[in-house]
Amino acid sequence: MNIVEISKDSFIANRKFYDDKNYPRGMSRSGDFTLAEVQLIEQYGVALQEISAGKREPQTEDEIHFKSVCDGEQPPNNSIEKAWMKYQDKVLSPKQFHTLFGRSKVDMDASEVDSEPVDLDID
């Protein structure tokens, strides 16, 4: 596996990234990410989000490559890109809902319904 190091001038942000909407208790407590992935997302997430959304122009080779990864042109080749793509997959994919009961409604034909009246008078 080819792990690429990034330059220290890439993905600079002035604050940590938190996603209180999708992870109100914190990403580290969600079980979706490893602690190393959480550290990367928190440290670089503000810059990653701005670059992927087009709010910030990529300045370095690493940022240009990251933008092409976000656009689906290239596969992720470093831990930051892999962590962000995993985060995007978790946030953008619909949450699964589990229940003990079936999801589909039972549709009954008019022919299946008993047409005789039922006497419910209790004496």
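Refer to the structure presented above.
Quick summary incoming for the structure in this document. Here the residue numbering is sequential within each chain, running from 1 through the sequence in written order. Thresholds applied to this predicted model are a pLDDT of at least 70 for local features of residues and 80 or more for the giving and counting of side-chain atom pairs; totals over whole chains, interfaces and linings are not thresholded and use all residues. In computing side-chain properties, one takes all heavy atoms of the structure into account and sets aside hydrogens as well as water.

Here's the deal with unusual backbone geometry
Argument step 1. With phi around 60 degrees, F11 is a residue other than glycine that occupies positive phi space.
Argument step 2. Secondary structure counts use DSSP, requiring at least four H or I residues in a row for a helix and at least two E residues in a row for a strand, with both numbered from the N terminus. Along the chain, F11 turns up in the segment before α1 (35-53).
Argument step 3. For F11, a relative accessible area of 1% puts it in the buried group. Only protein chains enter the calculation, and the probe is 1.4 Å; a residue is then buried if its accessible area is under 20% of its type maximum, exposed if over 50%, and partly exposed in between.

Overview of the side chain of E63
Argument step 1. On the secondary structure map, E63 appears in helix α2 (residues 61-70).
Argument step 2. Classification of E63 as buried rests on a relative accessible area of 1%.
Argument step 3. There is a polar contact of 3.2 Å between the side chain of E63 and the side chain of R56. Here a polar contact is taken to be a pair of N or O atoms separated by no more than 3.5 Å, where protein atoms must pair a possible hydrogen donor with a possible acceptor and residues adjacent in sequence count only if both atoms sit in side chains.

Considerations on helix α3 (residues 79-92)
Argument step 1. The span you would expect from a helix comes to 1.5 Å times its residue count less one. Counted at 1.5 Å a residue, the expected span for α3 with its 14 residues is 20 Å, and the 20 Å between its end C-alpha atoms agrees.
Argument step 2. Considered for burial, the residues of α3 that qualify are I80, E81, A83, W84 and Y87. Seen end-on, α3 carries its buried residues on one side only, within an arc spanning 165 degrees.
Argument step 3. By definition, residues are in contact when any of their heavy atoms lie within 4.5 Å. Buried positions along α3 lie against α1 and α2.
Argument step 4. Of the residues flanking the start of α3, the one acting as N-cap is N78, its side-chain oxygen 3.0 Å from the backbone nitrogen of I80. This arc corresponds to the set of directions leading from the helix axis out to the C-beta atoms.

Observations regarding the environment of F66
Argument step 1. Locating F66 in the fold gives a position in helix α2.
Argument step 2. Overall, F66 belongs to the buried group, its relative accessible area being 0%.
Argument step 3. Remark: the alpha-carbon pair of F66 and N78, spanning 12 residues in sequence, is separated by 9.4 Å.
Argument step 4. Not counting residues up to four positions away in its chain, the partners in contact with F66 are F11, L48, I51, S52, E81 and W84.

Focus on α1
Argument step 1. Taking 1.5 Å per residue, 19 residues should reach 27 Å; α1 reaches 25 Å between its end C-alpha atoms and fits that length.
Argument step 2. E37, V38, L40, I41, E42, Y44, G45, V46, A47, L48 and I51 are the residues of α1 that are buried.
Argument step 3. Of the surrounding secondary structure, the elements contacted by the buried residues of α1 are α2 and α3.
Argument step 4. In the stretch just after α1, G54 is the one whose phi turns positive, near 80 degrees.

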